[in-house]
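Each chain, letter by letter, is given below.
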Amino acid sequence: MQRSTLRRRLLARPVVVSLAAAVVLTATSCTKSEDDASSDPASSAAGAGSEQKVASPAPGGETCTVDAYGAEKIDLKDATVGFSQSEKEANPFRIAETQSIKDEAGKRGVKLLTANAQSQFSKQISDVQDLLAKGADLLIIAPLNSDGWDPVLQAAAAKKVPIVTIDRKINATACKDYVSFIASDFVEQGSRAADQMIEATGGKGEVAILLGAAGNNVTTERTKGFKDRIAEKAPDLKVVFEQTGDFAREKGQQVTEQLIQSNPDIKGIYAENDEMGLGAVAALKGAGKKAGDVKIVTVDGTRNAVQGIVDGWISGVIESNPRFGPLAFQTLDTFTKGEEVAQDIVIEDGAYDPANAKSDIGKAY
């Protein structure tokens, strides 16, 4: 059995590549709850009409090859792939993401080893080390945090095992420590969420941000995109409250309960994922607010959040698609054949608003 290794360079900006015309999906980044009926894994992974699409290639984008990385060619069908999931599968994003990986491995006849870190970073490090010990020739990692990966990168390099990261970025060097990073443009997601908030509020008033979990690029970039666009387009819209909801519905509800006590006249809430946004809805209902009293904009594209638009509680949702399986395996297949792959692979994301939520809810997960 041949194996492949890690070697070379950091992805500085979102470079995009068109992999194979046959590879279509959509990317997204976080959340659902145990009590939701829409968590059927098969429907979450399939997502009728919600195929993932890679953004058009950017000229001059950095690429990676087996030779540049210091790896060997390998037939993917003969390889064992290890997949490390970061968070417990109690939310729609992670459910759909894992199911998509499993479905694609099954479709291709590839042996797949899986592990779930249950939202514990130390466990994720040991999980990946265990996958390597069990003979993984290639790794797909959905990182919990962006930093702290040196032990894994060193262990994978020693065994010459290439890594593809999805959804969240590892702060390391592309085409040296890992092959490719596949995800949405999170800054752009934040910018588009700001556009929806500006439209919903008329560009005036006080708004709050329910921040995602600390320690990863998703939270940082979604925040930056939102704030920068507000400053540029709606200076009369003021961010007066920011607190983490850890990408969790219960925490989002708790933070919103505090928010409406301290800022009862808040006009809008930007939740950096759907789960926190749905928690905010629950808090507003509990406080006796009516649908539309506070404008809520979220990121992800879960079915429950899109239904929230239909019901009038949510003003808009920016999509972030979790169905990484086809694209992740196509990237590994292309790479292990000795062909070029992009170091950054950026996904196109759609959006939901009152004009399309009812008709397009079938595309949600």
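Here, every reference points to the structure presented above.
Right, let's walk through the structure included here. No experiment lies behind these values; they were computed from the predicted model shown. (Residues numbered from 1 in each chain as written. Predicted model: local features only at pLDDT ≥ 70, side-chain atom pairs only at ≥ 80, totals over all residues. Heavy atoms only, no water.)

1. Let's talk about the overall build of the protein
And step 1. Check the secondary structure of the protein and you find 12 helices and 14 strands.
And step 2. With 365 residues in all, the protein has 58% of them scored as buried.
And step 3. Accessible surface for the protein amounts to roughly 13900 Å². Of this, 47% is attributable to carbon and sulfur atoms. (Helix = DSSP H or I, 4+ residues; strand = E, 2+ residues; numbered from the N terminus. Buried < 20%, exposed > 50% of the residue type's maximum accessible area, 1.4 Å probe, protein only. Areas by Shrake-Rupley, 256 points an atom, 1.4 Å probe, with all protein chains shown as cover.)

2. Things to note about the nonpolar core
And step 1. Grouped together as the largest cluster of nonpolar side chains are 53 residues, with contacts concentrated most on Leu 139, Trp 149, Ile 163 and Ile 314.
And step 2. Residues contacting Leu 139, with those up to four places away along its chain left out, are Gly 82, Val 128, Leu 131, Leu 132, Val 161, Pro 162, Ile 163 and Val 164.
And step 3. Core analysis: the second largest hydrophobic core is formed by 34 residues, Val 66, Val 110, Phe 329 and Ile 347 among them. (Core = buried A, V, L, I, M, F, W, Y, C linked by side-chain atoms within 4.5 Å. Contact = heavy atoms within 4.5 Å.)

3. Examining the packing of helix H6 (residues 186–201) against helix H7 (residues 217–233)
And step 1. Packing of H6 against H7 brings their axes to within 7 Å, and their N-to-C directions diverge by 45°. Relative to H7, the element H6 is oriented oblique. For the pair H6 and H7, the sense of crossing is right-handed. Touching Phe 186, Val 187, Gln 189, Gly 190, Ser 191, Ala 193, Ala 194, Asp 195, Met 197 and Ile 198 of H6 are Asn 217, Val 218, Glu 221, Arg 222, Gly 225, Phe 226, Arg 229, Ile 230 and Lys 233, all from H7.
And step 2. Split into classes, the residues belonging to the contact of H6 with H7 amount to nine nonpolar, five polar and five charged. (Axes fitted to C-alpha atoms, helices over the stretch in contact; angles between N-to-C directions. Parallel < 35°, antiparallel > 145°, perpendicular 65-115°, else oblique. Left-handed = near helix turned anticlockwise from the far one by under 90°. Nonpolar A, V, L, I, M, F, W, Y, C, P; charged D, E, K, R; others polar.)

4. Examining the side chain of Glu 272
And step 1. Mapped onto the elements of the fold, Glu 272 is located in the loop between strand E9 (268–271) and helix H9 (274–286).
And step 2. No salt bridge is formed by the buried Glu 272; its nearest oppositely charged neighbour, Arg 222, is found at 6.6 Å.
And step 3. Within polar-contact distance, the side chain of Glu 272 engages the side chain of Thr 223 at 2.5 Å.
And step 4. When near neighbours in sequence (up to four residues on either side) are disregarded, Glu 272 contacts Ile 209, Leu 210, Leu 211, Gly 212, Thr 219, Arg 222, Thr 223, Phe 247 and Val 299. (Lys, Arg positive; Asp, Glu negative; His and termini not counted. Salt bridge = Lys/Arg side-chain N within 4 Å of Asp/Glu carboxyl O. Polar contact = N/O pair within 3.5 Å; in protein donor to acceptor, adjacent residues only side chain to side chain.)

5. Looking at the pattern of salt bridges
And step 1. Counted under the stated rule, the structure contains 18 salt bridges.
And step 2. Lys 134 serves as the salt-bridge partner of Asp 130, at 3.2 Å between the closest nitrogen and oxygen.
And step 3. Asp 130 gets classed as partly exposed once you look at its relative accessible area, which sits at 36%.
And step 4. With a closest N to O distance of 2.7 Å, Lys 227 and Glu 242 form a salt bridge. Pair noted here: Lys 227 is in helix H7 and Glu 242 is in strand E8 (residues 237–244), with a separation of 15 residues, a long-range link.
And step 5. The class of Glu 242 is partly exposed, set by a relative accessible area of 38%.
And step 6. In the salt-bridge network here, residues are joined through shared partners; they are Glu 87, Arg 94, Glu 97, Asp 167 and Arg 168.

6. Quick word on the sheet that holds strand E6 (residues 180–184)
And step 1. Pairing within the open sheet is parallel, and its six strands lie in the order E3-E2-E4-E5-E6-E13. Both edges of this open sheet fall to strand E3 (111–116) and strand E13 (344–347), since each of them pairs with a single strand only. Between one strand and the next, the sheet's axes are offset by a mean angle of 15°, whatever the strand orientation.
And step 2. Summarising the sheet, E6 and E13 pair through four bridges and their orientation is parallel. Within E13, the residue paired with Ile 182 across the bridge is Ile 345.
And step 3. With respect to the sheet, helix H11 (residues 325–336) is in contact with strand E2 (80–85), E3, strand E4 (138–141), strand E5 (163–166), E6 and E13, its orientation differing from that of E4 by roughly 150°. (Pairing = 2+ DSSP bridges.)

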